[in-house]
Amino acid sequence: MSRLRIGIRLKLLLLSLFLFAIPWLGYQYVWELESYLRLGQEQTMVGTARAVATALHERPTLFDNQAAYLKDVKPGTDLYAHKIMQPIQLDGDLSDWQEYRHLALEYGEQNLIEPVVDYHPDSLHFTHMVGQFGPYLYAMFDVTDDKVLLRPQNSLRIDRNDYLQIALIDPQGEFQRYIVAPFKPGWVNAYQLDPDINSVKPLRLETRIQGDWRITPKGYNIELRFPLEMMSSKIAFAIADVDDQKTRLKRYSVGTANPSQSDSLGTVLVPSPEIEKILKGLKYSNARVWVVDNHMRVLARSGSIHSSTGVNTDDAYAKNKSWWQRFEQRWLLPLYYQILTKPPADFVDELQDAYALQGQDIAHALAGKPDSLWRLSSDNKAVILSAAHPIFLDDKVMGAVVVEQTTHGIRTLRNKALEGLFHVILAVMTLGTLALFLFASRISSRIRKLRDQTESAIDQHGKIIGTIPASHTGDEIGDLSRTFHSVLGKLSQYNLYLENMASRLSHELRTPVAVVNSSLENMALEDQTDDSKQYIDRAQQGIKRLSKILNNMSEATRLEQAMMVSEQEKFNLTELLSGCIEGYRMAYPLRQFKLDMSITDTSMMGSPELFAQMLDKIVTNAVEFSAEQSVIRFECTEKAGKLQLSISNQGGLLPEKMQTQLLDSMVSVRPQGESQQPHLGLGLYIAKMIAEYHQGKISINNLHDNSGVMVTITIVK
């Protein structure tokens, strides 16, 4: 299994990943800074709420209506006059109320007033709400009545038909009652009733109470308005249902409260114009401000939560953007905002039309303790901070000031800070990584250059054929280069000594060997005893063996010199093989030699003498490792434009993992004492040198059936 190779450049690149700790630390620092900004925003909001509350302390005129002093608020009885943005057109068409319809209340069985008969929901129920625009109070009634009876044209009674009754306390504290009972649909005014609560006699037409009565498929609609100056804060509305056209008796009434009893009237809370004037200047405070009474009902408000970001941020760019701004907007910011989030401008404000608030901070403020609260918008897109502070009147809490802001400003500032931080980090990371990459590339190129110089200085056989230039740089790689240069020089001298040692040794030993050999020959000519003659024969055999060794030692050197000066010529391989095989048959009569030629054109470039010498070395090994009368087969084929000559013999097999080593110098697998001839392991090495001279290669393998060995020579034609 090969090991994963990791270069210096990759290692330095992996090491440079630690640089990402810098942006992470910067990112964490900005988030920590945001938490401190939020804490500061919270303190600022509490201070703003305190400042607004200070302007409202001890001002009883702001809370002079009876609705502000209620101990308990009854839904449906104690009404809230919602702020209307545009005046309502009094035409009986309720489309002007459409955007406020979700604030309307349903009135039915639970709002019955002195019923005469059993109640049936289909007989009478209605939807009702009141609103305030300018100095007027508007009221809307969407009535469902299975049978609508209007006032007869000749009737002086106003209670023998369906009618709307209004009861209120005027600014002088007087209890006043009014009835709206038209002869026909259309424009209506109210009749003021006799002060006697048991009487329904009309005194006069009250033209300040104006409206319209419109018949609908399910009943009728009523739209009214009257000046706020007509009333204090106590009021009640009730609709009477008359279905029997003969008796014209009232079946029952459904209303907000009993309009016949002054002490049972409900209240209507109208947003305070005085408080709104005080809050008007706060619309520049970049916050939404509420003032609520002690029942958490809204008395006044100022500002919009969508624009209450807490911090003024200018996102506008110059019209003529620079190349950097264009590049930043097109490429960098989209990349950054894969991580960052922009504060959304379209989050849902669930308190947009609220007439009552709730929350732990407001509850604490109404208990006399300032408090703040973090909350999410209903769509979880915005974080809203609210701070509440109590409003005191004679040491009694009369309401609270609630100030709200989103964290959009802080988030925008955080994003701006992170954008700048990312700019710097991206520049540092890019330049740092590029510098490390160039530095690693420079080191790698120098190391690869040193490697290439080392490989080119030594050939594939281990022979030193060149040198390594000494580097003049003063770093470790330069020191390594100079060391390689020195070591290679010393190895070159040593290898040269070893290369010349064979020829020197052969030259130096030939003279003493010749002297010994001639002395032995002279001694052999004299009369010798049997013992001395035996000794002389053994000495002569030893001298011949020593001479053979000297010849083999110098053969490789002579061959290299011969290949250097030999000129290649074109020769026919078939003729060469045929001649050599005839010679082998004569030299080795105990072996059989066969030649199989499957191609006709066997011409090639090279040296026939050297090629024949290569064959001699291979055949010598084949003969020595084969049995007598066995076949040594020569087979010549052509594959992919290359000549392939195979020489196989039957006999012993090659040892495992020795096929490639047998072609090296001084390698032999012959058992000791098995051969009478000296072997230095140079035969196949010489054959490999000759094959490479002919631009070929030689390989040795066991036969597939393990019956012998095959030597394959592949040469390019």
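Before any of the text, the structure's been laid out above.
Structure report, in brief.

A few words on the packing of aromatic side chains. Overall, the coordinates contain twelve aromatic pairs when judged by the stated rule. Ring centres of Phe 141 and Phe 237 lie 5.5 Å apart, and the angle between their planes is 65 degrees; on these two criteria the pair is classed as edge-to-face. Residue Phe 141 is located in strand β5 (residues 136-145), and its partner Phe 237 is located in strand β11 (residues 234-242); the two are separated by 96 residues in the primary sequence. Accessibility classification places Phe 141 together with Phe 237 in one group, the buried group. A centroid spacing of 6.5 Å and a plane angle of 40 degrees characterise the contact between Tyr 588 and Phe 593, whose relative ring orientation is tilted. Here Tyr 588 falls in the partly exposed class, since its relative accessible area comes to 26%. Residue Phe 593 is classed as buried on the basis of its relative accessible area of 3%.

To continue, consider the nonpolar core. Leu 573, Phe 593, Phe 611, Met 614, Leu 615, Ile 618 and Phe 634 are the most contacted members of the largest nonpolar core, which totals 43 residues. When residues of this core are traced back to their parent elements, those giving at least two are α8 (530-565), α9 (573-587), α10 (608-624), β22 (631-639), β23 (642-650), α11 (683-693), β24 (696-702) and β25 (708-716). With nine residues, the top contributor of residues to this core is α10. For Met 614, the contacting residues outside a window of four places in its chain are Ala 687, Ile 690, Ala 691 and Ile 713. Membership of the second largest hydrophobic core comes to 39 residues, among which are Ala 53, Ile 275, Leu 385 and Met 398.

By the secondary structure assignment, Thr 637 is in strand β22. Setting aside anything within four residues of it in sequence, one finds Thr 637 in contact with Ser 598, Ile 599, Lys 642, Leu 643 and Gln 644.

So, about α9. In this model α9 runs 21 Å from its N-terminal to its C-terminal C-alpha over 15 residues, within 8% of the 21 Å that 1.5 Å per residue would give. When α9 is considered as a whole, its buried residues turn out to be Leu 573, Leu 576, Leu 577, Cys 580, Ile 581 and Tyr 584. What you see down the axis of α9 is that its buried residues fit within an arc of 125 degrees, all on one side. Seen from the buried face of α9, the exposed residues on the opposite side, beyond 90 degrees, are Glu 575 and Met 586. Where α9 is buried, its residues meet β19 (569-572), β20 (592-597), β21 (603-606), α10, β22 and β23. Where α9 starts, the residue carrying a side-chain oxygen 2.9 Å from the main-chain nitrogen of Thr 574 turns out to be Asn 572.

Calculation criteria
- Residues numbered from 1 in each chain as written.
- Predicted model: local features only at pLDDT ≥ 70, side-chain atom pairs only at ≥ 80, totals over all residues.
- Heavy atoms only, no water.
- Phe/Tyr/Trp six-rings, centres within 6.5 Å; stacked < 30°, edge-to-face > 60°.
- Helix = DSSP H or I, 4+ residues; strand = E, 2+ residues; numbered from the N terminus.
- Buried < 20%, exposed > 50% of the residue type's maximum accessible area, 1.4 Å probe, protein only.
- Core = buried A, V, L, I, M, F, W, Y, C linked by side-chain atoms within 4.5 Å.
- Contact = heavy atoms within 4.5 Å.
- Expected span 1.5 Å × (residues − 1).
- Arc of directions from axis to C-beta.
- Polar contact = N/O pair within 3.5 Å; in protein donor to acceptor, adjacent residues only side chain to side chain.

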